[in-house]
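# Summary of the model geometry
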Amino acid sequence: MTSRPLPLLAWWVLWATFQTGVCAFYFLLGGVSARVTPPAGSADSSLWMIALGPFLLSVVIRWLLLERSSDAQRAFVLFILGIAFAEAVCFIGLFLAPTHKLELFILSALGIFQFLPYFAMKFRQ
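Below is a summary of the structure that appears in this document. (Residues numbered from 1 in each chain as written. Predicted model: local features only at pLDDT ≥ 70, side-chain atom pairs only at ≥ 80, totals over all residues. Heavy atoms only, no water.)

### Examining the overall build of the chain
A tally of regular secondary structure across the chain gives four helices and zero strands. Traced from its N-terminal end to its C-terminal end, the chain shows the element sequence α-α-α-α. Burial status across the chain gives 37% buried among its 125 residues. Long-range pairs, those at least 24 residues apart, make up 83% of the contacts in the chain between residues at least 6 apart in sequence. Of the roughly 7500 Å² of accessible surface on the chain, a fraction of 71% belongs to carbon and sulfur atoms. (Helix = DSSP H or I, 4+ residues; strand = E, 2+ residues; numbered from the N terminus. Buried < 20%, exposed > 50% of the residue type's maximum accessible area, 1.4 Å probe, protein only. Contact = heavy atoms within 4.5 Å. Areas by Shrake-Rupley, 256 points an atom, 1.4 Å probe, with all protein chains shown as cover.)

### Thoughts on the packing of aromatic side chains
The relation between two aromatic rings is expressed through the spacing of the ring centres and the mutual angle of the planes. Tallied over the full model, the rule gives 15 aromatic pairs. Arranged with centres 6.1 Å apart and planes meeting at 80°, the rings of W12 and W15 form a pair that is edge-to-face. Residue W12 and its partner W15 are located together in helix α1 (residues 8-28), separated by three residues, close to a single helical turn. Taking the relative accessible area as the measure of exposure, W12 reaches 26% and is therefore partly exposed. Geometrically, the ring pair formed by F91 and F95 is stacked, given 6.3 Å between the ring centres and 5° between the ring planes. (Phe/Tyr/Trp six-rings, centres within 6.5 Å; stacked < 30°, edge-to-face > 60°.)

### Structural notes on the nonpolar core
Counting residues in hydrophobic clusters, the biggest one holds 22 residues, and the most contacted among them are W11, W15, F79, F115, F119 and F123. Listed by contribution, the elements that provide at least two residues to this core are α1, α2 (52-68), α3 (72-96) and α4 (101-113). If one sorts the elements of this core by residue count, α3 sits on top with eight residues. Non-local contacts of F115, meaning those with residues more than four positions away in its chain, are made with W15, S58, I61, R62, L66, L78, F79, G82 and I83. (Core = buried A, V, L, I, M, F, W, Y, C linked by side-chain atoms within 4.5 Å.)

### Details of α4
Helix length check: α4, at 13 residues, gives a terminal C-alpha distance of 18 Å against a target of 18 Å (1.5 Å per residue), a fit within 8%. Within the span of α4, buried status applies to K101, L104, F105, S108, A109, G111 and I112. The arc that holds the buried residues of α4, viewed along the axis, is 160°, so those residues lie on one side. Looking at the packing, one finds that the buried side of α4 touches α1, α2 and α3. (Expected span 1.5 Å × (residues − 1). Arc of directions from axis to C-beta.)

### Topic: the side chain of S58
As for its position among the elements, S58 is in helix α2. On the basis of relative accessible area, S58 is assigned to the buried category, the value being 0%. For S58, the side chain forms a polar contact with the side chain of Q114, separated by 3.3 Å. Beyond its immediate sequence surroundings of up to four residues, S58 is in contact with G82, F85, A86, Q114 and F115. (Polar contact = N/O pair within 3.5 Å; in protein donor to acceptor, adjacent residues only side chain to side chain.)

### Regarding the packing of α1 against α4
The contact between α1 and α4 brings their axes to 10 Å, and the two run at 175°. Taken together, the axis directions place α1 and α4 in an arrangement best described as roughly antiparallel. Each of W15, F18, Q19, V22, C23 and Y26 in α1 lies in contact with α4, whose residues at this interface are K101, L102, F105, S108, A109, I112 and F113. Of the residues that constitute the contact of α1 with α4, the class distribution is ten nonpolar, two polar and one charged. (Axes fitted to C-alpha atoms, helices over the stretch in contact; angles between N-to-C directions. Parallel < 35°, antiparallel > 145°, perpendicular 65-115°, else oblique. Nonpolar A, V, L, I, M, F, W, Y, C, P; charged D, E, K, R; others polar.)

Shown next, in the form of structure tokens:
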């Protein structure tokens, strides 16, 4: 029994959902409306730089692994995994490094944007 690849529309719908979802998380969980007062001395903390790890993983997945993938099912798993790493950057900003939440939100949105599913046309049915 062989499985059919996901229709191209599904890739686009999922990408758009994740892209708008990260915006909703940011604004609903403490973006512009909720001002968090960081603890004293945390403004100089480099804790926020741990968010670069998931972002760089998403970049590697998108531009190295996903470009070389020829199997639609593997590519779809990499697609979701890469977006999840990019989305994690926003959560790190919201919960671990609130002084840098705007910068990390922008980095997260750009990380998800790079997964724009133009590459999925090679998996078309």
